[in-house]
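Architecture at a glance
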Amino acid sequence: MQDAEDTLAGPTAGTDAEARGLPPGDAEARARVRRRHVFFIAGFDPMAVDGHHRIFVRELKRFGSVWNVRTHCRDAAPVPTPTGGFWRTEADTPNWHTETTFENLGWHDLTRADMGRSVWSHLKGSVRALADMVTSGTIANYFRSSRRYGLFFLFTYMLLALFWGLAAAAGFFVYQWVEPLGRAAALAAAGGTTVAAGLFLMRWPGRRFRLKQSLDLAEFSVEFVRGRHPEVEARVVAFADRLRAVEAEAEAQGVEEIIIAGHSLGAMLAVSAVAGALAADPAFGTRARVRILTLGSTTAKFALHPAGGRFREAAERVAAAEAIGWVEVQSRDDIVSFYKVDPVTLGPASFAPVLLPPGDYSLKPLIRHVEIRQMISPAIYRRHWFDVMRLHCQCFLAGDIRSTHDFYAYVCGPLSFDVLASHTNSLRAYVRPDGTLRPLVFDAAGCILPLPESETPA
């Protein structure tokens, strides 16, 4: 294995490194990763850590099959931690090998508790949340920032109105039918029909549209931004403490990079946790390479609320941390997230150039645009095109094709986070069809040149 790996620093790579004043092999060494620690924070989802482990094992196998990589998850179940659980994995081909500790920072218990409240409690909360979003001007801010997200937000309530409108229509029809038997009987039948039809529609097709989860999330978002979820705030502090502990021990453990990934609402929690780590220890990220990966982010959902000052400050603190790199992946066909919105400035986003020198975070976050339809095959996309939440989740799943974005390339691929972020085609730009890593060729600007064939669609 070592002999095969040594061949990667071929004459071309060494010559280019020397031309730029770097010691031979130094640039190559910084581009490679053999051991990393990946943290993952999910969005508003009741799935427990063991459920994430099952999905991880399935997706890891798919990644191995698509990229021609041998993969293995060493832990049959998550190893518990005070903030969730972790498991260890390996990946290799004839000329590279990686080891990864993948750690889920869980808050599913808080999500379950919130979603498990009574129907009456949720009804009052949903009305209060909608009123807050309207009167505070937050919905107007959504439309000014991202019309697509504003429409998606309203769609939830439009769908709710449609379902109960249909239920009321069914109740009216029953009333007309039963009225000859007496007004009291007609009212009772109509009321029962309306409630039964409404609950049925909420369950199906409401379940297909994730209607209850969307309503719960809207309510949670307002309560959280207003500071009414202290238990979530405390969990973020615990996440920050865990990040600091791993970063402090990284060198001793042989960990070459730490990645903190967050999806959807979890992207905001990830940024907040890193900001908390920086507040507690301004040197956080200087003892080990720390990088942030936000996927399908809804950070702006909170930052655009007038009460969201602490979220805006967290994003600004992280963006100002010179030692910490930050990449955000956005997709035009992910209507659940804020497309073309900069999570720090909350203004229009500027997408990164196709090719950058690894480690160039002069744009922070460095925003990469990847269509969901490019992450998966057309057949899979057609199967899920109506399920917007399933498409929303694709950015942290493995693709069934060699895509320009595959989350598992960051998890267990042979190249550093900085290299993957430096080219719009990510891992596909540097890996051969047999899964082996090609010799890395640097140009005079320090960019790593991609494989020509990677420029064509998979």
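Note that the structure is a prediction, hence the values are computed from the model and not measured.

What counts as what
- Residues numbered from 1 in each chain as written.
- Predicted model: local features only at pLDDT ≥ 70, side-chain atom pairs only at ≥ 80, totals over all residues.
- Heavy atoms only, no water.
- Helix = DSSP H or I, 4+ residues; strand = E, 2+ residues; numbered from the N terminus.
- Rg over C-alpha atoms; globule rule 2.2 N^0.38 Å.
- Buried < 20%, exposed > 50% of the residue type's maximum accessible area, 1.4 Å probe, protein only.
- Contact = heavy atoms within 4.5 Å.
- Axes fitted to C-alpha atoms, helices over the stretch in contact; angles between N-to-C directions.
- Parallel < 35°, antiparallel > 145°, perpendicular 65-115°, else oblique.
- Left-handed = near helix turned anticlockwise from the far one by under 90°.
- Nonpolar A, V, L, I, M, F, W, Y, C, P; charged D, E, K, R; others polar.
- Salt bridge = Lys/Arg side-chain N within 4 Å of Asp/Glu carboxyl O.
- Expected span 1.5 Å × (residues − 1).
- pLDDT = per-residue confidence, 0-100.
- Pairing = 2+ DSSP bridges.
- Disulfide = S-S within 2.5 Å.
- Phe/Tyr/Trp six-rings, centres within 6.5 Å; stacked < 30°, edge-to-face > 60°.
- Polar contact = N/O pair within 3.5 Å; in protein donor to acceptor, adjacent residues only side chain to side chain.

Quick notes on the overall build of the chain
Broken down by element type, the chain carries 19 helices and 9 strands. Against the compact-globule benchmark of 23 Å for 458 residues, the chain has a radius of gyration of 24 Å, which places it among compact chains. Oriented by its inertia axes, the alpha-carbon framework of the chain measures out at about 95 × 45 × 40 Å. Evaluated residue by residue, the chain yields a buried proportion of 56% over its 458 residues. Sequence-distant contacts, at least 24 apart, represent 71% of the contacts inside the chain between residues at least 6 apart.

Brief notes about the packing of helix H12 (residues 265–280) against helix H14 (residues 309–320)
Where H12 meets H14, the closest approach of the two axes is 8 Å, and the angle between their N-to-C directions is 65°. As the angle between them shows, H12 and H14 are arranged roughly perpendicular. In the packing of H12 onto H14, the handedness of the crossing is left-handed. Residues Met268, Val271, Ser272, Val274, Ala275, Leu278 and Ala279 of H12 touch H14, and the partners they reach there are Phe311, Ala314, Ala315, Arg317 and Val318. In terms of residue class, the contact of H12 with H14 is built from 10 nonpolar, 1 polar and 1 charged.

Some details on the pattern of salt bridges
The final tally for this structure, using the stated rule, is 24 salt bridges. The residue Asp132 makes a salt bridge to Arg226 at a minimum N-O spacing of 3.0 Å. Of this pair, Asp132 sits in helix H6 (residues 119–135) while Arg226 sits in the loop between helix H10 (211–225) and helix H11 (230–253), and the two are 94 residues apart along the sequence. Overall, Arg226 belongs to the partly exposed group, its relative accessible area being 38%. In this structure, Arg289 and Glu257 form a salt bridge, with 3.4 Å as the shortest nitrogen-oxygen distance. You can see Arg289 sitting in strand S7 (residues 289–295) and its partner Glu257 sitting in strand S6 (residues 257–263), a full 32 residues away along the chain. Glu257 sits in the buried class, given a relative accessible area of 0%.

Quick look at H10
In a regular helix each residue adds 1.5 Å, so 15 residues correspond to 21 Å; H10 covers 21 Å between its end C-alpha atoms and thus fits that length. By the criterion of burial, H10 is predominantly enclosed, with 13 of the 15 residues buried. Immediately downstream of H10, the backbone of Gly227 shows phi near 80°, a positive value.

Quick word on the confidence of the model for the chain
When the pLDDT values of the chain are averaged, the result is 92; 93% of them are 70 or greater. Predicted confidence is poor over residues 1–24, with pLDDT under 50, and the contacts of this stretch with residues over four places away or in other chains come to 38 contacts.

Observations regarding the pairing of strand S5 (residues 96–105)
Of all 10 residues that make up S5, 8 are buried, and the element is covered over most of its length. Bridge count for strand S1 (residues 35–41) against S5 is 6 bridges, and the pairing is parallel. Considered in S5, the bridge of His37 is made with Thr101. Pairing of strand S4 (residues 84–93) with S5, which is carried by 10 bridges, proceeds in the antiparallel orientation.

Concerning the state of the cysteines
Enumeration according to the criterion identifies 0 disulfides in this entry. With no disulfide of its own, Cys393 lies 7.3 Å from the sulfur of Cys395, the closest cysteine sulfur.

With respect to the packing of aromatic side chains
Taken as a whole and judged by the stated rule, the model has 30 aromatic pairs. Ring centres of Phe63 and Tyr408 lie 6.4 Å apart, and the angle between their planes is 35°; this geometry places the pair in the tilted category. Here Tyr408 lies in helix H18 (residues 407–412) and Phe63 lies in helix H4 (residues 49–67), a separation of 345 residues in the sequence. Of the aromatic side chains, those joined through ring pairs into one cluster are Phe40, Phe56, Phe63, Trp67, Trp87, Phe102, Phe396, Phe407 and Tyr408.

Considering H4
Helix length check: H4 (19 residues) gives 26 Å between terminal C-alpha atoms against 27 Å at 1.5 Å per residue, within 8%. For H4, the full list of buried residues reads Val49, Gly51, His52, His53, Ile55, Phe56, Glu59, Leu60, Phe63, Gly64 and Trp67. Those residues of H4 that are buried are in contact with S1, strand S2 (70–73), S4, S5, helix H5 (108–115) and H18. Once H4 ends, the next one or two residues include Asn68, with phi positive near 60°.

Some words on the side chain of Asp333
Structurally, Asp333 can be placed in the loop between strand S8 (325–330) and strand S9 (366–369). Within the structure, Asp333 has its side chain in polar contact with the side chain of Tyr381 (distance 3.5 Å).

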